[in-house]
Amino acid sequence: MPRSRRVSRQDHQHVPIDIQTSKLLDWLVDRRHCNLKWQSLVLTIREKINAAIQDMPESEEIAQLLSGSYIHYFHCLRIVGLLKGTEASTKNIFGRYSSQRMKDWQEIITLYEKDNTYLVELSSLLVRNVNYEIPSLKKQIAKCQQLQQEYSRKEEEGQAGAAELREQFYHSCKQYGIMGDNVQRELLALVKDLPSHLAEIGEGARSLGEAIELYQACVEFVCESPVEQVLPMLRYVQKRGNSTVYEWRTGTEPSVVERQQLELSEEVEEGAIDWGDFGVKVASEGVDSGLSAQPAEIDWGISLESDSKEAVSDEIDWGDNAAALQITVLEAGTQAPEGVARGPDALTLLEYPETRNQFIDELMELETFLSQRAVEMGEEADILSVSQFQMAPAILQGQTKEKMVTMVSVLQDLIGRLTSLRMQHLFMILASPRYVDRVTEFLQQKLKQSQLLALKKEVMVQKQQEALQEQAALEPKLDLLLEKTKELQKLIEADISKRYSGRPVNLMGTSL
């Protein structure tokens with residue numbers, strides 16, 4: 001029996017003591033290892049430590065112990081051990097030190113050992129590190145990593161958005177036919193090239209003579225009687241080219257064409273643009289009236305001498321030669337003497353909206369006829385259709401489907417060149433002086449948004465770098481705290497183990 005008891009005791013000696021770290025303080029109090037009012041004594045000890053460290057000898061190890069870490073009981077033991085060397089000269093024959101430094105730290109050791117206050121303080125520090133300090137640092141580091149990912153995503157979005165807006169800007173500029181270096185100036189410069197483009201289209205219409213005559217013959221054949229000439233505008237441009245509206249209206253070439261050229265000025269007053277005289281007036285409601293812009297005063301064709309008498313506001317004195325006064329009445333719309341093309345008359349047929357629209361309508365009318373005729377000629381099995389054209393003029397019977405298709409292709413090319421997006425923009429510049437301002441603002445807004453996104457990208461890169469730097473500063477703190485906490489854990493486990501005859505002690509739930 002005694003032997004078995006000894007074996008049992010030996011087995012019990014190796015049974016570990018497992019303590020939950022979160023309940024460590026309660027465990028120490030329940031087993032009377034420390035006093036319930038330990039916190040007040042710890043406050044007293046901390047005050048004495050703060051006073052004692054004000055007067056310390058110059059020692060690298062002591063300075064290292066006192067720098068940046070929480071000074072606890074075991075640090076105080078080490079400080080006392082170091083002071084035994086520095087304060088050895090103050091030791092008397094009774095083995096006591098007369099140095100106030102040594103007395104202060106020895107008093108601190110004594111207070112720590114009273115009611116095992118040092119053990120409960122270390123336990124409190126361990127619990128605080130495990131439950132609060134370490135999770136807080138880990139959370140801050142995780143937040144930095146999350147911010148880096150978010151900033152990286154926003155950086156990519158900003159870069160992609162800036163590239164997309166720049167692409168839209170240059171694509172829009174390409175549609176307008178400009179480079180995009182100076183949008184307003186380049187748009188205005190396009191108008192200078194407009195007459196040459198329209199002249200080329202007018203020259204292209206000269207090859208439509210056979211198609212026009214074919215259409216005229218078909219209409220007369222179907223109506224079985226001579227009719228007025230079809231496509232008058234197209235027929236005129238085919239013969240005379242893109243002449244002025246004056247020549248189309250009067251049948252004679254003007255002797256003088258008064259038309260101001262577009263001048264590009266660096267300074268634009270109040271956001272307005274110097275358009276020159278393009279003969280297009282925009283009504284106050286924003287509707288194109290088709291009339292030329294009028295000066296502040298209307299020239300009625302009456303010549304006034306510079307030294308003429310001031311007109312009386314109540315009555316006009318016509319003088320004795322009132323009967324001989326000749327008033328010249330000009331034809332509506334000319335607003336200029338005979339032979340002078342001014343205002344709308346100074347524009348070409350393809351510049352003036354009314355005549356241009358008529359020209360496009362007649363092109364489409366002729367294109368539709370030829371397309372339909374090509375389809376009909378492809379259906380030669382239709383006996384009725386063949387028999388209907390047996391009595392047709394030779395110009396109708398001598399056509400082939402391939403020739404019809406070729407004519408249609410020429411017409412479609414002219415229509416496409418005249419109604420292209422670029423030409424539409426140029427015509428809108430002529431029709432609305434504010435159009436260039438709106439287009440310029442629209443395009444520059446895209447470019448500005450692209451620049452803002454690029455700037456945002458740079459900001460995101462900077463914030464990402466700041467988050468990375470913050471993480472780099474927190475990680476060493478976490479490593480140091482983990483190291484100190486593990487050290488505390490070992491000290492507490494060893495101290496408790498001594499109190500239970502060397503039984504192993506495990507503090508659970510630290511996850512270090």
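The protein is annotated in an unreviewed UniProt entry as CDK5 regulatory subunit-associated protein 3 isoform X2 from Erinaceus europaeus. Quoted verbatim from the Sequence similarities (unreviewed entry) field of UniProt, the annotation for the protein is "Belongs to the CDK5RAP3 family."

### Here's the deal with the overall build of the protein
From N to C terminus, the protein includes 17 helices and 4 strands. Accessible surface, the protein as shown: approximately 32,000 Å² in total, 51% of it carbon and sulfur.

### Quick notes on the side chain of Thr355
Looking at the secondary structure, you find Thr355 in helix α12 (residues 353-377). A distance of 2.4 Å separates the side chain of Thr355 from the backbone oxygen of Leu349, its partner in a polar contact. One polar contact links the side chain of Thr355 to the main-chain carbonyl oxygen of Tyr352, over a distance of 3.1 Å. Once you skip the residues sitting within four places of it in the chain, Thr355 turns out to touch Met233, Val245, Trp248, Thr348 and Leu349.

### Points about the packing of aromatic side chains
Counted by the stated rule, this structure contains 8 aromatic pairs. Between Phe169 and Tyr170 the ring centres are 5.1 Å apart and the planes differ by 75°, which places this aromatic pair in the edge-to-face class. We classify Tyr170 as partly exposed; its relative accessible area is 46%. Three or more aromatic residues link up through ring pairs in this structure, and these residues are Tyr73, Phe74, Tyr112 and Tyr118. If you follow Arg46 out to its NZ or CZ, it ends over the ring of Tyr70, 4.1 Å from the centre.

### As for the nonpolar core
Formed by 58 residues in total, the largest nonpolar core has its most connected members in Leu187, Phe359, Leu366 and Leu370. For this core, the elements supplying multiple residues, two or more each, are α7 (117-176), α8 (183-204), α9 (209-223), α10 (232-240), α12, α15 (401-418), α16 (421-431) and α17 (435-499). Leave out the neighbours within four places in its chain, and Leu187 touches Tyr176, Ile178, Ile429, Val436, Val439 and Thr440. Formed by 40 residues, the second largest nonpolar core is a distinct cluster that contains Ala52, Met56, Val80 and Val120.

### Focus on a negative patch on the surface
Together, Glu475, Asp479, Glu483 and Glu487 make up a negatively charged patch on the protein surface. Structurally, the position occupied by Asp479 is in helix α17.

### Points about the packing of α8 against α17
Running from N to C, α8 and α17 point in directions that differ by 140°, and their axes come no closer than 9 Å. With respect to α17, the axis of α8 lies oblique. In this structure, α8 meets α17 at a crossing whose hand is right-handed. Contacts between α8 and α17 pair Val183, Gln184, Leu187 and Leu188 from the former with Val436, Asp437, Val439, Thr440 and Leu443 from the latter. The residue makeup of the contact of α8 with α17, split by class, is 6 nonpolar, 2 polar and 1 charged.

### Side note on the pairing of strand β4 (residues 505-508)
Side-chain alternation along β4 places Val505 and Leu507 on a buried face and Asn506 and Met508 on a face that remains uncovered. In this structure, strand β1 (residues 17-20) lies alongside β4, joined through 4 bridges in parallel fashion. In the sheet register, Ile17 faces β4, and the bridge partner there is Val505.

### So, the pattern of salt bridges
All told, the structure shown has 16 salt bridges when counted by the stated rule. The partner of Glu157 in a salt bridge is Arg153, with the nearest N and O atoms 2.9 Å apart. One end of the pair, Glu157, and the other, Arg153, are both in helix α7, 4 residues apart, so they sit about a helical turn from each other. Its relative accessible area of 47% is what places Glu157 among the partly exposed residues.

### Observations concerning α17
Taking 1.5 Å of rise per residue, 65 residues should cover 96 Å, and α17 covers 94 Å from first to last C-alpha, within 8% of that figure. Positioned one or two residues after α17, Ser501 has a phi angle of 55°, which is positive.

### Section: the environment of Ser123
Take Ser123: it is sitting in helix α7. Sequence-wise, Ser123 and Gln489 are 366 residues apart; in three dimensions their C-alpha atoms are separated by 8.3 Å. Beyond its immediate sequence surroundings of up to four residues, Ser123 is in contact with Leu24, Leu25, Leu28 and Ile492.

### Points about a nonpolar patch on the surface
Together, Leu452, Leu455 and Val459 make up an exposed nonpolar region whose accessible area comes to about 260 Å². Note on placement: Leu452 falls in helix α17.

### Things to note about the environment of Lys23
By secondary structure assignment, the location of Lys23 is in the loop between β1 and α2 (24-30). With relative accessibility at 55%, the residue Lys23 sits in the exposed group. Spatially, the C-alpha atoms of Lys23 and Met508 are 9.7 Å apart, while their sequence positions differ by 485 residues.

### Thoughts on the side chain of Asn242
Structurally, Asn242 can be placed in the loop between α10 and α11 (245-250). A relative accessible area of 17% means that Asn242 is categorised as buried. Looking at Asn242, its side chain comes within polar contact range of the main-chain nitrogen of Leu350, at 3.0 Å. Apart from residues lying up to four places away in sequence, Asn242 is in contact with Leu198, Ala199, Gly202, Val237, Thr348, Leu349 and Leu350.

### Brief notes about unusual backbone geometry
Its identity as a non-glycine residue notwithstanding, Asp115 has a phi of 55°, on the positive side. Topologically, Asp115 is positioned in the loop between α6 (100-113) and α7. With a relative accessible area of 38%, Asp115 lands in the partly exposed category.

### As for the packing of α6 against α7
It is at 5 Å that the axes of α6 and α7 come closest, and there the two elements cross at 80°. Here α6 is positioned roughly perpendicular relative to α7, judged by the angle of their axes. Mapping the contact onto sequence places Leu111, Tyr112 and Glu113 in α6 and Thr117, Tyr118 and Glu121 in α7. Of the residues contributing to the contact of α6 with α7, the split by class is 3 nonpolar, 1 polar and 2 charged.

Rules behind the numbers
- Residues numbered from 1 in each chain as written.
- Predicted model: local features only at pLDDT ≥ 70, side-chain atom pairs only at ≥ 80, totals over all residues.
- Heavy atoms only, no water.
- UniProt positions renumbered as here; feature names shortened; annotations may be inferred.
- Helix = DSSP H or I, 4+ residues; strand = E, 2+ residues; numbered from the N terminus.
- Areas by Shrake-Rupley, 256 points an atom, 1.4 Å probe, with all protein chains shown as cover.
- Polar contact = N/O pair within 3.5 Å; in protein donor to acceptor, adjacent residues only side chain to side chain.
- Contact = heavy atoms within 4.5 Å.
- Phe/Tyr/Trp six-rings, centres within 6.5 Å; stacked < 30°, edge-to-face > 60°.
- Buried < 20%, exposed > 50% of the residue type's maximum accessible area, 1.4 Å probe, protein only.
- Lys NZ or Arg CZ within 6 Å of the ring centre and 35° of its normal.
- Core = buried A, V, L, I, M, F, W, Y, C linked by side-chain atoms within 4.5 Å.
- Patch = residues over 30% accessible without salt bridge, like charges linked within 9 Å, V, L, I, M, F, W, Y side chains within 5 Å.
- Salt bridge = Lys/Arg side-chain N within 4 Å of Asp/Glu carboxyl O.
- Lys, Arg positive; Asp, Glu negative; His and termini not counted.
- Charge placed at Lys NZ, Arg CZ, Asp CG, Glu CD.
- Axes fitted to C-alpha atoms, helices over the stretch in contact; angles between N-to-C directions.
- Parallel < 35°, antiparallel > 145°, perpendicular 65-115°, else oblique.
- Left-handed = near helix turned anticlockwise from the far one by under 90°.
- Nonpolar A, V, L, I, M, F, W, Y, C, P; charged D, E, K, R; others polar.
- Pairing = 2+ DSSP bridges.
- Expected span 1.5 Å × (residues − 1).

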